[in-house]
Amino acid sequence: MRKSHPVRRAVLAGAATVSGIVLLLSMKPASDPGAAAAAGGTAPPVAAQSPQGGRGGGAAGTVVGDAVRTQYGPVQVRITVSGGRITRAEAVQAPRGGQSDRINADAVPRLNRSAVAAGSAAIDTVSGATYTSAGYRRSLQSALDRAGV
């Protein structure tokens, strides 16, 4: 076969195209929770009720964390603290619309239970809700910081 044979060119062009597509599909998206934070993705702090009793182990009250922007929408957590422990956690904002509704219907209650059980922001990511989980942890940590827990 000659070097400039049309079939050879077509085979090489096809192989190059397939290789390029495979490389593009294997790349991770540029937008992730860490990149959003680096770009100033956290919304301004939301007014929160300060826990009664000030900082320390005897803190009690309700505290709202920062609204954290994610790729799919904001996440904001409110916690209730009694005796220096989280007694209730709930997401007051979570991504909405389309598939986010279905994903977060399962993920948010699991994150709420995990926050109460762990008593800290060291909770596991919910599979399929990576961005929501990361935003939840960051908002939860800001609420814990405000509560002095």
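No experiment lies behind these values; they were computed from the predicted model shown.

Rules behind the numbers
Counting restarts for each chain: residues are numbered from 1 in the order of the written sequence. With the structure being a predicted model, the display of local features is reserved for residues of pLDDT at least 70 and the display and counting of side-chain atom pairs for 80 or more, all residues being used for whole-chain, interface and lining totals. Only hydrogens and water are set aside when side-chain values are computed; all heavy atoms of the structure are taken into account. Helix and strand labels come from DSSP, where a helix needs a run of H or I of at least four residues and a strand needs a run of E of at least two; each type is numbered from the N terminus. Under the convention used throughout, the expected extent of a helix is 1.5 Å for every residue step, that is, one less than its residue count. On a range of 0 to 100, pLDDT expresses the predictor's confidence in each residue. The contact definition used throughout considers only heavy atoms, calling two residues in contact when any of these lie within 4.5 Å. What makes two strands pair is DSSP finding at least two bridges between them. Only the six-membered ring of Trp is used, alongside the rings of Phe and Tyr, when aromatic pairs are assigned; centres must lie within 6.5 Å, and planes under 30 degrees apart are stacked while those over 60 apart are edge-to-face, with the rest tilted. A simple rule labels every residue: compare its accessible area, found with a 1.4 Å probe on the protein chains alone, to the largest value its type can have, and call it buried under 20%, exposed over 50%, or partly exposed in between. For this analysis, a nonpolar core means a set of buried residues of the types Ala, Val, Leu, Ile, Met, Phe, Trp, Tyr and Cys, connected via side-chain atoms within 4.5 Å.

### Thoughts on helix 3 (residues 99-118)
Then step 1. Across its 20 residues, helix 3 extends 28 Å between first and last C-alpha, which sits within 8% of the 28 Å expected from 1.5 Å per residue.
Then step 2. Count one or two residues on from helix 3 and you reach Gly119, which has phi positive near 70°.

### Structural notes on helix 4 (residues 130-147)
Then step 1. For helix 4, built from 18 residues, the straight-helix expectation of 26 Å at 1.5 Å per residue is met to within 8% by its first-to-last C-alpha distance of 26 Å.
Then step 2. Gly148 sits one or two positions beyond helix 4 and adopts a positive phi of about 75°.

### Examining the confidence of the model for the protein
Then step 1. Confidence along the protein averages 79 in pLDDT terms, with 77% of residues attaining 70 or more.
Then step 2. The low-confidence segment residues 30-56, where pLDDT is below 50, has 47 contacts with residues more than four positions distant or belonging to other chains.

### Comments concerning the pairing of strand 3 (residues 73-82)
Then step 1. In terms of strand pairing, strand 1 (residues 61-64) meets strand 3 through four bridges, oriented antiparallel. Note on strand 3: the bridge partner recorded for Thr62 is Thr80.
Then step 2. In textbook terms, the turn of a hairpin is the stretch between consecutive antiparallel strands, and for strand 2 (residues 68-70) and strand 3 this stretch comprises two residues.
Then step 3. Relative to strand 4 (residues 85-93), strand 3 runs antiparallel, the two sharing seven bridges. Residue Val81 lies in a different strand from strand 4, and its bridge partner there is Ile86.
Then step 4. What sits between strand 3 and strand 4 in their antiparallel hairpin is a turn of two residues, with Gly83 showing a positive phi close to 65°.

### Observations concerning the packing of aromatic side chains
Then step 1. Under the definition given, this model contains one aromatic pair.
Then step 2. Consider the rings of Tyr72 and Tyr131, whose centres lie 5.5 Å apart with planes at 65°: the pair is edge-to-face. Here Tyr72, found in the loop between strand 2 and strand 3, pairs with Tyr131, found in helix 4; they are 59 residues apart in sequence, far enough to count as distant.
Then step 3. A relative accessible area of 49% places Tyr72 in the partly exposed class.
Then step 4. Residue classification places Tyr131 among the buried positions, given a relative accessible area of 17%.

### Here we look at the environment of Val68
Then step 1. Summarising the element assignment, Val68 is placed in strand 2.
Then step 2. Judged by relative accessible area, Val68 falls into the buried class, the value being 2%.

### Looking at the nonpolar core
Then step 1. Of all hydrophobic cores here, the largest spans 19 residues; its most connected members are Ile79, Ile86, Ala89, Tyr136, Leu140 and Leu144.
Then step 2. For this core, the secondary structure elements donating two or more residues are strand 3, strand 4, helix 3 and helix 4.
Then step 3. Here this core gets five residues from one element, more than from any other, and that element is helix 4.
Then step 4. Discounting residues that sit within four places of it in the chain, Leu144 has contacts with Ile79, Ile86, Ser120, Ala121 and Val149.

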